[in-house]
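# Remarks on the overall topology
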Amino acid sequence: MSAIERAILALLAAMATASLLFLFWGASPVEVYGLLLARTWGDAYGFGQVLFKATPLALTGLAVSLAWRGGLLNVGGEGQLAAGSLAMGLVGAAMTGVPALVALPLALGAGMVAGGVVAAIPAVLKVRAGAHEVISTIMMNFVVVGCIGFIGRQGAYVEATVHTAPIAPSAAIPSLGIAGSAASWAVALAVCAAVALHVVLARSRVGFDVRALGAQAAAAEAGGVAVARTTAGLLLASGAMAGLVGASTVLGYKGYFEDGLGSGSGFMGIAVALLAGGRPLAVLPAALFFATLSHGALAISTLVPREIVDVVMGVVILAVGLSLAPRQGAAR
Amino acid sequence: MTTALLVAFVLAVFRISVPYVLAAVGGTLSERAGVVALGLEGMLLTGAFCAAVGAEAGGPAVGALAGAMGGAGVGVILAACVVYGRADGVVVGVAINLIALGGTRVAMQYVWQSASSSPTIPGLSGGWAGAAGLAALAVSGVAAAALTRTAWGLRVRAVGEHPAAATSLGIDVAQLRFGAVALSGALAGLGGAWLALDNHGFVDRMSGGRGYIALAAVIMGRWHPGFAALAAVCFAATEAAQLQLQAVVSGGAREFIQMLPYLLTLVALAGVLGRSRPPAALGRNV
Amino acid sequence: RPSAEVASDRVRVGLVFDVGGLGDKSFNDAAHIGLVRAEETLDAQISTVEPGDGSDRESALRQLAAAGNDLVIGVGFIFTDDIRRIAGEFPDVKFACVDFSVGPGDPPPPPNLLGLRFREEEGSFLVGAAAGLASKTGKVGFIGGMMIPLIQKFEAGYVDGVRAVCPTCEVSIAYAGTEPKAFADPTTGKELALAQYGRGADVIFHASGKTGAGVFVAAREKGKMAIGVDADQFHEAPCCVLTSMVKDVDVAVYDTVLAVATDKFKGGLSEFGVKEGGVRYVFDDRNAAMWPDGARERVEALSAEIAAGLRTVPTVPQ
Amino acid sequence: MSGTLQWRSVGKTYGSVVACRNVDLVLSAGEVHALVGENGAGKSTLLSLAGGEASPDTGAVSVDGDEASGPWTPTVAMANGIGLVHQHFMLIPPMSVVENVVLGREPRKGLGLDLEKAAGELTALAARVGWTVDPWAKVSSLSVGQQQRVEILKVLWRGARFLLLDEPTAVLTPSEVGPLFEVLRRLAAEGVAVAIVTHKVDEVVHVADRVTVMRHGEVVARLEAPLTAAEIARAIVGREPLPPPQVPRPQGQGGGLVVRGLRVGRALGPVDLAIAPGEVLGIAGVLGNGQTELVLALAGLAPDALGEVTLGERPLDPRGGAAAAARAGVSHIAEDRLERGVVREFSVADNYLLGHQRRLAPSGWLDFGALDAEVSAALEAYDVRPRDASAPIRSLSGGTQQKVVVARELSRPGLRLLIAAQPTRGVDVGAMERIHEAIAAAASRGAAVVLVTSDLHELRALSHRVAVMYAGRIVDTMDVSDASDLRLGAAMTGAR
Ligand SMILES: Nc1ncnc2c1ncn2[C@@H]1O[C@H](COP(=O)(O)OP(=O)(O)OP(=O)(O)O)[C@@H](O)[C@H]1O
Ligand SMILES: Nc1ncnc2c1ncn2[C@@H]1O[C@H](COP(=O)(O)OP(=O)(O)OP(=O)(O)O)[C@@H](O)[C@H]1O
Ligand SMILES: [Mg+2]
Ligand SMILES: [Mg+2]
C-alpha cells in the first residue's frame, strides 16, 4: 500500500467515525460535511482561514518532523512557539522607522533565536546528562508559559492588557488579501521551509547524518556522525522552526503578541508530523487537512458539538498509525 | 512550621499525589511491558469523566469504579492498536489523548449540556485524602512486588526487555502487553476518578497535563513502581509547597513559585538522579 | 458583505462565548441568561458560538456578522481588539463586547460598537468589606484565576474593602496560574483555598471561574466561608457562601438587545458600577445568618458612598 | 521410531524467498548431527520450524513418529522435548540466570515465584553436565560463553531431548569450543539428540557423527563419519575451496600505528603496541578481555580513553570520533554488524555512504553520481547479490551484509589502518574467502591491520604477528609461526 493510499484509507476511517457521531447527534452527515466544506474550501474567506491556520501547523509539523527524523521527539513546540512569538512581537515593536528589508529578517530571526533558546535547555540536558527530550521539552512548556507571564507583567505588555505594543508596519508580513481572512505571506514562508527541509534531508551531508542518527545511533556514530553535536543542533533547529510560528500569527495577523497566541499548534504539530510520516513535503497537505478540520469545526458548531472534530483528528492519527504498522511476519 | 501547618502540608501532598502516583505506577507497568505510556493523560481525563458520571448516578464508590473502568477502556483501545494493530505507541498515545480531550467535551455536552463542567456531584470528603494517598502508595508497593515476585511480573519484564525471547518460550507477548496496558489504564483511570471525586465535579481538561508529569515520574523513577511513586510524590510535594508558599509570598516571585515543580524536574533530569535505562524493547513491536 | 438571509422583523442576535464556554456557572452562563431572556421576552432570534483557540474568536464574530445578525456580542475582554476590527468591516451590524477593555490612548469605539464595562473593583470592595466584617480570625483570602490585569482589579477592590472595615486584617493573595487553564483548575483552587484556610483565613473571595468550584469544595470541607463571583453562587456551598460579587452581565446583555430592538442602540462605552446596579453583593434570607450584626448596615453605607461618588476604589493592587 | 525428530518434506517460503524446499531429515537420539551450508541456505529456518517458531508451508515436523494434532507452537515443541538454542541469544540481560531459565514455566509458591527451588534444580543440572553456574548472577554480567551455557541449561531444564543449536560456536573462542563439544558429546551419550549448525568445517569434523549439507533451501549432501574437512567444504561451496590468501611480510618500518599507554576505563590497559604499514597484527583472547574497548579506542569511539596513539607519525585521538579517525585513514569493520556496522533500515547504497559522507559531499551536498559509481563497482567487485544498491540492507544475508561493510571500509582513500573485528563471524565459507582476500589486499597496499578474531584459522591465515589479550592487557606477543594452540591457550587464560 502506498503512502497516499494509506492516507486516504485513514481519512475514510475517520470520516466514517465522524458520520456515526453526527448521526448519533441527530445531524445528517451529508449536511455537516457539506457545511464544513462550504465554509472552508467553498468560500474565499474560509479558504483564507484554512491557509492561515495551516501555517503554524506546517511550521510546528516541520519542527517535529525534523527532530523525529533524527530520532528525537520534540514535544516542546508550545513553549518554543510562544517564546518565538513574544520575541517577534517585542522586536517587531522596536522596529519603528527601520526599513522592512531589515526589520522583517530581524523579527523573524528573533523568533527563531527565541525558539532555539527554549530548545537549548533540553538539548544540553540530552547530550550532557542523557535526559529524555520528551520529558524536558514538556517541562519547558510549563516554564516558558510562566516566564512569558512574568516578562509580560514586568512591562512587556501594554498596561492592563495581555498583549505587547503593536509591531512597526515595516516588520509586518503583508496579508494575502483573501476576502478579509487572516492569511498572509507567511504561508509562503512555510512552503519554503518545507521544501528547504526536504532538500537538506534528502541531499545534504547534514541531512544524511540526521537520517542515520535517527535510524540507528550506534551505527551513525561509527560512521562518523558527531552524535552529541548533531542531536543538540537538531533540537535547536527544531525549536527555531517552531519559533517561526509567530510569522503567521504575530507578524502576519495580529500585529502584536498576545498571551496564548498560537497555542495549541505546538501540540497539533506532533499530529501533523505523524500524519506526514516525518516527510517535510507531506507536512504541507497534512497541515492543510488539520487546518480544514479546525476551521470547519467553527462552521459546523451550529449542528453538532465542535469538539467532534478533535475526536476526528485523533481518529485520523490513529488510523494512519494503524495503516503504517508493519504487517505480520515482515522484517523488523 | 507549626504542627498544624505541617499536617496540612502532608495532607495536601497526599491529595495531590494520588493521580500522579496511580498514573505513574500504571505507566510503569505499561512501559515495563514494552508499551510507551504516552496515553496516561487521556486515561486520567477519561477516568475523571466516567467517575463524575458514575458518582452522579450512584455515589462515590460507583464513581471510582466507573473511573477505573473508563481508564481501562482507554487502555484497551490503546493496547488493541499497539499490540494487535502493531501501530507505533507514540502515535497512538498522541491520538488517544486528542480523542479523550475531544470525546469528553462531546460527552459532557451530551450528559450535562455543558462543554465546560459537570454539576456538583457526590464526591469524597476531605477526610479521605490521607487514606487515598496511602492507598495509592500501597498500590505502588503491590505493583513492585508483583513485578519482581510473581510469574506474571517476570513475564511482563521479559516481554518488555526481549519479546522474541519470551515468544520462544511460549509466552503470549501480545496478551501480556494487552493486560499490562489495560491495567495501567485502570490505575490511571482511578487516579482520574480521584480528581473528580475530590473536587466534587468534572471540568473540561481536568487532567491538566498530569499524565505527562506522571510519565516524567516513570522515567525519573527508572521504571520501578516504587521509585516512580516516589518521584510522583516529590512532584506533588513541590506542587503543594508551591501552593502553600503562594499564601505567604507575593509579587513577581509568584510566577517562579508556580514553575517550581517543572524547574525541579529539569534539575533532576540534569543528572542529579543519574542516567537511566528504559526497558530494552520499549516501543518496539514484535 | 451582503447578507444572504431573508430579512425579518425579529431582532437577530449572535453571541460568541469566552474560553470556558457555556456551562461555567458564572460569566458565560450569565451572558447566556440575558440572551435567553431576550429571546423569550423580545422574541429575539439568537445563535451562539463557542470558539476554540484564539484565532477562532475573530472568525466566529465574522461568521455571525456575515450571517445577517443585527447585533453580535462578544463575551470577554479578550474580544476587544477583534471586535473593533470587525466592527470597522461591518458598519451595518451592531456590536457589543462584555468587559471591553480600553487602554490609555485607545481611540473611542466606533459608533456601531458598544463596550460594556463593569467596575468590578467596586463590587469586590463591597464583598471585601463583608469579608472583613465577617472574619473572626482577622485573616481573609483572595484566589484569582489567571493572573491578568482584569482579575487584579478584583484583588485591588477586595483588599481595599477589607482594609476599609478592618485595617488590621491580613489578606492572603493567590492565583491559580498564568495560563488560561488557571480559570478551569478546581484542583488547584481547592488546594489554594485549603492552604489559606489552614493559615487561619476564614473567608475567601475567588475570582477564578471554574477554578472556584474547588474553593467551594474546600469551604464545605472546612466549614469556612467563601464568596462567589460573577453570579450568585450560593448554591455551590449553601453552608458557606457569605455573599457573591454579582456582575449583572445578563442585564447588560439583555439591555443591549433591547436597545437594538427598540432602535435605541448607541455605540460607545457603557459603565456598570455600584451606582448603575451593574455590580452588587448578595444579601438575602439564605446567607443572612452568616453576617454578623450590623455588618449589613455597614456594607450598605459603603455601597451608598460609592454610588454617591464619595469613595473611589483602586483598580490596581497597591 | 522413539527418540527421533523428523522433518517430513518440509517447505517454507518467505515472500519470494524459498527458505526450505522439500527437506527430509531425521535426528536420532545419541547422535550429534551437523547442519552446514552457505548463508541463507535454510539451516536456521529448519531449526525454527522444529522449534515451533515458524510453521511449514508444506510437510510437517514429528517427534517419535507422531505428528502433533494441533498447531506446532513453541510450547508444544517444548513439551515434545525440543530445545532450540538460537544463534542470537534469547536471554534477557538484566534478569538473573534462574529467572531466565524458568521464564514461561515458573515454579510457584502461593501467589509468588519459587525461584529457590528452581535455583537448586539448576545447580544440580549444571553439575550433571559438568558446569558450575551462579543462578543469581545477572545475565548481563556473564561472558558470552557463560551465557551460552545458560541457554543450553534453559532448554535442558525444560526437559529437552532434542537439542538444536544454531551457530553456537560463532561467538566462542577456541578454548571455549572444546569444552562445549565435550558436553554435547556427553549429552548425546546420555541419549540426547543434538543438531548443530556451524560454518566452521573443522568443528564438524571434530564433533559430528553425521552431516547434512544444504544449499538454496535443499539438502544437497548427507555425509557420515569419518569425515574430512575438504570433503565437507567441497559439499558446501560446490567447488574446491581456495587456498588462504598470501599476505607478504611488510618491508619498511615506521609510519604505522603506535599505541602507548592506552587505557579505556577499567576494561583496557595500559596497552602498548606498534604495527608497521602492511603488517597484520592478530589479536586473540577470550571475549570480554578488552578487545572491544581496544577496537573502539583505535576507531576514535572511546570517549573515556586515555593515552597516546599515533598513525603515520600523526596523533590520533581515541576520543575524537569516527569522522576524525576516518580522515586520518582509519577504517573499522565493526564487531557488532547489526548495531554498529550497518544501519538496518538504510539501503545498500546509503550504508555504503556511511563514513564516506564527508568525502562524497565536499560542498555539503551529496554527490549521488559519484556514490552510484562507487557502489556499483563495489557490488561487482565483491559479488554482492542481488546487485541492487537500493535494496534495504536487512534483506541481504548476514554474509552479504558483511561484504558490503568490508567493501565500504576498504574503499577509503588513503587507508592507513584497518581495524577488522570479527570480520567473518557467521559468514559462510564463500564470503569468508572473499573477505580474507580483501583484508590481505589492504595489507599489501600498505595499511596496518588490526585483526580481532576468535577464529584461530583466520588468525593464523592472515596475521604476521599475534597478540593475546587477557584482563585488558596484552599478555603475550609472538610471531605467527610461534602461535601454537598451547601457547595461545595458556596466554588466553592468563596463565603465562
Ligand atoms: N523471517 C524471515 N522473513 C523473510 N525471509 C526470511 C526469514 N527468515 C529467513 N528468511 C530467508 O530465508 C532464507 C533462509 O534463511 P535461514 O536463516 O534459514 O538461512 P541460514 O542457512 O540459517 O543462513 P546463515 O548461515 O546465514 O545463518 C534466507 O534467504 C532468508 O533471507
Ligand atoms: N525477519 C527477516 N526478514 C528477512 N530476512 C531475514 C529475517 N530474519 C533473518 N533473515 C535473513 O535470514 C538469513 C539468515 O539470518 P540469521 O539470523 O541466521 O543471520 P545470519 O545471516 O547468519 O547473520 P549472522 O550469523 O552474521 O548474524 C539472513 O539472510 C537474514 O538477512
Ligand atoms: Mg542461520
Ligand atoms: Mg548465520
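As shown above, the structure is provided for reference.
Let me sum up the structure you'll find in this document. (Residues numbered from 1 in each chain as written. Chains lettered and ligands numbered in written order. Predicted model: local features only at pLDDT ≥ 70, side-chain atom pairs only at ≥ 80, totals over all residues. Heavy atoms only, no water.)

## Describing the sheet that holds strand β5 (residues 66-67) of chain D
Residues and elements named next belong to chain D. This is how the line gets drawn: Think of it this way: DSSP has to see at least two bridges between two strands before they count as a pair. In this text, helices come from DSSP runs of H or I with a minimum length of four residues, and strands from runs of E with a minimum of two, each type numbered from the N-terminal end. By definition, residues are in contact when any of their heavy atoms lie within 4.5 Å. Comment: axis = line fitted to C-alpha atoms, over the contacting stretch for helices; angle = value between 0 and 180 degrees taken between N-to-C directions.
Here four strands make up an open sheet; going across it, the order is β2-β1-β4-β5 and the pairing antiparallel. Edge positions in the sheet fall to β2 (17-28) and β5, since each has one partner strand and no second. Strand direction decides the pairing type here: strand β4 (residues 58-63) and β5, joined by two bridges, are antiparallel. Each bridged residue has a counterpart across the sheet, and for valine 63 the counterpart in β5 is aspartate 66. Its contacts with the sheet place helix α1 (residues 43-50) against β1 (4-14), β2 and β4, and it is angled at close to 120 degrees to β1.

## Quick look at the interface of chain A and chain B
To keep it simple, the criterion reads: Joining two parts hides part of their accessible area as seen by a 1.4 Å probe, and the buried area is that hidden amount summed over both. Each reported salt bridge corresponds to a side-chain nitrogen of Lys or Arg within 4 Å of a carboxyl oxygen of Asp or Glu. Think of a polar contact as two N or O atoms within 3.5 Å of one another; within protein, one of them needs to be a possible hydrogen donor and the other a possible acceptor, and neighboring residues in sequence only count if both atoms come from side chains. The residue classification treats Ala, Val, Leu, Ile, Met, Phe, Trp, Tyr, Cys and Pro as nonpolar and Asp, Glu, Lys and Arg as charged. All others, Gly included, are polar.
Contact with chain A, which involves 46 residues of that partner, is made by 40 residues of chain B. Both sides of the chain A and chain B interface together cover about 3,900 Å² of buried area, and 79% of this is carbon and sulfur. On the chain A side of the contact with chain B, Ile135(A), Met139(A) and Leu318(A) bury the most area, a combined 15% of that side's loss. For the interface between chain A and chain B, the tally reads one salt bridge. For Arg105(B), the salt bridge identified is with Glu307(A), shortest N-O distance 3.5 Å. In this structure, the connection of chain A to chain B is made through one residue pair in polar contact (both at pLDDT 80 or more). When residues of the side of chain A that touches chain B are traced back to their parent elements, those giving at least two are α5 (100-129), α6 (133-156), α12 (265-275) and α14 (308-324) of chain A. Per-element accounting of the side of chain A that touches chain B gives the leading share, 13 residues, to α6(A). For the side of chain A that touches chain B, a count of residues per class yields 30 nonpolar, nine polar and seven charged.

## What about the state of the cysteines?
What makes a disulfide is a covalent bond joining the sulfur atoms belonging to two cysteines. To keep it simple, the criterion reads: In plain terms, two cysteine sulfur atoms within 2.5 Å form what is called a disulfide here. Note on classification: 1.4 Å probe, protein chains only; a residue is buried when its accessible area is under 20% of the maximum for its type, exposed when over 50%, partly exposed between these limits.
Applying the stated criterion to the full structure yields two disulfides over all chains. Covalent S-S linkage joins Cys166(C) and Cys169(C), the inter-sulfur distance amounting to 2.0 Å. In this structure, the disulfide formed by Cys166(C) and Cys169(C) twists by about 85 degrees around the S-S bond and is classed as right-handed. The burial state of Cys166(C) is the same as that of Cys169(C); both residues are buried. Each sulfur in the disulfide pair Cys239(C) and Cys240(C) lies 2.0 Å from the other. Disulfide Cys239(C) to Cys240(C): torsion about the S-S bond roughly -90 degrees, handedness left-handed. Judged by its relative accessible area of 47%, Cys239(C) is partly exposed. Distance from the sulfur of Cys50(B), which forms no disulfide, to the nearest cysteine sulfur (Cys81(B)) is 18 Å.

## Re the site of ligand 1
Residue and element names in this part refer to chain D. So the rule is basically this: Any residue with a heavy atom positioned within 4 Å of a molecule or strand is treated as near that molecule or strand. Here the open area of atoms and residues is found with the Shrake-Rupley method and a 1.4 Å probe, where only the protein chains shown may cover a residue.
As a structural note, the neighbourhood of ligand 1 is formed by 13 residues, with Asn39, Gly40, Lys43, Ser44 and Thr45 the closest of them. At 2.4 Å, a side-chain N or O of threonine 45 approaches an oxygen atom of ligand 1. Contacts to ligand 1 include histidine 199, whose side-chain N or O atom sits 2.9 Å from an oxygen atom. When ligand 1 sits alone it has 630 Å² of accessible area, and the protein chains cover 68% of it.

## Quick word on the nonpolar core
Stated precisely, the cut-off is as follows: Joining through side-chain atoms within 4.5 Å is the link that ties buried Ala, Val, Leu, Ile, Met, Phe, Trp, Tyr and Cys residues into a set, and such a set is a nonpolar core.
Within the largest apolar cluster, 363 residues are counted, with the highest numbers of intra-cluster contacts made by Ile73(C), Phe95(C), Tyr158(C), Val257(C) and Leu163(D). The contact partners of Val257(C), leaving out residues within four places of it in the chain, are Val11(C), Val13(C), Leu35(C), Ala38(C), Leu42(C), Ala44(C), Leu71(C) and Ile73(C). Residues Ala219(A), Ala220(A), Val225(A) and Leu410(D) belong to the second largest nonpolar core, which totals 48 residues.

## Considerations on the sheet that holds strand β3 (residues 71-75) of chain C
Working definition: the strands of a sheet are paired by backbone hydrogen bonds and lie parallel or antiparallel to each other. Residues and elements named next belong to chain C. If you walk across this open sheet you meet the six strands as β2-β1-β3-β4-β5-β11, and the pairing is parallel. Strands with a single pairing partner mark the edges of an open sheet, and in this sheet they are β2 (45-49) and β11 (268-272). On average, each strand axis in the sheet is tilted by 20 degrees relative to the strand beside it, whichever way the strands run. Contacts from helix α3 (residues 80-89) reach β3, β4 (94-98) and β5 (113-118) within the one sheet, and its direction differs from that of β4 by about 175 degrees.

## A word on the pattern of salt bridges
Per the counting criterion, the structure on display carries 56 salt bridges over all chains. A salt bridge links Arg358(D) to Asp209(A); its shortest N-O distance comes to 3.5 Å. Remark: Asp209(A) occurs in helix α8 (residues 205-215) and Arg358(D) occurs in the loop between α12 (348-353) and α13 (368-381); the pair is interchain, linking two chains. The exposure class of Arg358(D) is partly exposed, given its relative accessible area of 30%. In this structure, Glu437(D) and Arg434(D) form a salt bridge, with 3.3 Å as the shortest nitrogen-oxygen distance. One end of the pair, Glu437(D), and the other, Arg434(D), are both in helix α15 (residues 429-444), three residues apart, so they sit about a helical turn from each other. Three or more residues are tied together by salt bridges with common partners; here these are Arg306(A), Glu307(A), Arg105(B), Asp204(B) and Arg205(B).

## Let's talk about the interface of chain B and chain D
Each partner contributes residues to the interface: chain B has 18 residues there, and chain D has 24 residues. When the buried surface of chain B facing chain D is broken down by residue, Leu154(B), Ser168(B) and Leu169(B) rank first, second and third, together holding 36% of it. For Arg157(B), the salt bridge is made with Glu99(D), and the minimal N-O distance between the two is 2.9 Å. Applying the counting criterion to the chain B and chain D interface returns five residue pairs in polar contact (both at pLDDT 80 or more). Those elements that place two or more of their residues in the side of chain B that touches chain D are α5 (128-149), α6 (151-161) and α7 (163-168) of chain B. Looking at the side of chain B that touches chain D, the element that brings in the most residues is α6(B), giving six residues. In terms of residue class, the side of chain B that touches chain D is made up of seven nonpolar, six polar and five charged.

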